[in-house]
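Here is how the chains run, residue by residue.
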Amino acid sequence: MRPKIVASTATVRRAQDQIQALFARSLTQVFPPPGPDRRDSFFAKTVSAAQAPARRYVGIAAQGRNPKVVMRKVWLALMGAAERAYRDAGGQANPDNPADPYMTVLGYFNSLRELGGARRILEEEVRNTVKSYGQRRRIGEQRGLFQDRRTFSEVVELTSRVPTDQVAEARRRLGASFDATDRVDCAIATNMISVGLDIPRLGLMVVLGSPRVPPSTFQATSRVGRVDEAPGLVVTLLNIHKPRDRSHYERFRHFHETF
C-alpha cells in the first residue's frame, strides 16, 4: 500500500508545491473538503452574536493627552469596574462568579520598549492608586462605578526575555481564579502570545497602539473570550497625534467588521 501522509498546520501556502518538493507527490487533497457553507469548515463554525456572545472591540483616543496618562486611567477604570462587579456578584463566596474572567487585565504591546515603560507605570502609579481609587470623589458625591482594590499582585511578563520555565508558571497562574493565593491581577505581553496561549478564563485585554501586523494582532486579541461563558472585551488605546493611529481610530468600526 502507498503511504498516507497526514499533515496539520494553521496556515497553508503553496501546499501543492511543498508536497511535490518534499514527497514527490503531485496530488494534493485537503481533508475534509470545503463544504457548501463558508461558515462551517468542519474545523470551525461561525455563529451569530445572537447565538453566542461575541468578542467586543473598543477604541479609545484622547485629544491633547499623553498616551501614558490615558493608559493609566483606562487601566484603573477597568480594574476598578471589575472589582465592583466582582463584589456585587458575591465575591469569593461565589465560586462561579461571572466577573472572574475580567479580574485579570492582559496587556498587549507592539514592542519591548513600550512594554518596559508600561510596566513602570503599572508597578508604581497604578498599584498605588487602585487601592483607594473608589474613594477618590468630591464631597457629597455618590459612589460611582469604580471600587478600590486592596491588593495588587506582581506584574507578570510574557515576552521573549523571560525564561521558558517562568512562562509556563505564568500560564498556570493566569488560569487560576481570582480567589487563588497566587492569582494574577495584571499581565503584559508582546506578540509572543499570538499563538499557543489557550487559557479559557481570560476575558479582558488592553492593546496599546494600532496593529502594525494585523494578522498577528488578531491572533493576540483572540487569547481572550475563548468561551461563551466569558465573552472577551478588547480595549485599544490609540495616540490621536500619530497618523496611523488616527486613521485606525476614525475607521475603527469598519476595520474590525471587515478584517
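What you see is a predicted model; the values in this text were computed from it and never measured.

A. Spatial organisation of the packing of helix H2 (residues 67-88) against helix H3 (residues 112-130). With their axes 10 Å apart at the nearest point, H2 and H3 run at an angle of 50° to one another. In terms of their interaxial angle, H2 and H3 are classed as oblique. The handedness of the crossing between H2 and H3 comes out as right-handed. Residue-level contacts link Lys68, Met71, Arg72, Trp75, Leu76 and Met79 of H2 to Ala118, Ile121, Leu122, Glu125, Val126, Thr129 and Val130 of H3. Each residue belonging to the contact of H2 with H3 can be placed in one class, and the counts come to nine nonpolar, one polar and three charged.

B. View of the sheet that holds strand S1 (residues 56-61). Spatially, S1-S6-S5-S2-S4-S3 is the arrangement adopted by the six strands of the open sheet, whose pairing is parallel. Looking along the sheet, the strands with just one partner apiece sit at the ends: S1 and strand S3 (156-158). Taken over all neighbouring pairs, the strand axes of this sheet differ in orientation by 20° on average, direction set aside. One ladder, built from three bridges, connects S3 with strand S4 (residues 186-189); its direction is parallel. Looking at the pairing, Val156 lines up with Ala187 of S4.

Calculation notes
- Residues numbered from 1 in each chain as written.
- Predicted model: local features only at pLDDT ≥ 70, side-chain atom pairs only at ≥ 80, totals over all residues.
- Heavy atoms only, no water.
- Axes fitted to C-alpha atoms, helices over the stretch in contact; angles between N-to-C directions.
- Helix = DSSP H or I, 4+ residues; strand = E, 2+ residues; numbered from the N terminus.
- Parallel < 35°, antiparallel > 145°, perpendicular 65-115°, else oblique.
- Left-handed = near helix turned anticlockwise from the far one by under 90°.
- Contact = heavy atoms within 4.5 Å.
- Nonpolar A, V, L, I, M, F, W, Y, C, P; charged D, E, K, R; others polar.
- Pairing = 2+ DSSP bridges.

The analysis is restricted to geometry; functional conclusions fall outside its scope.
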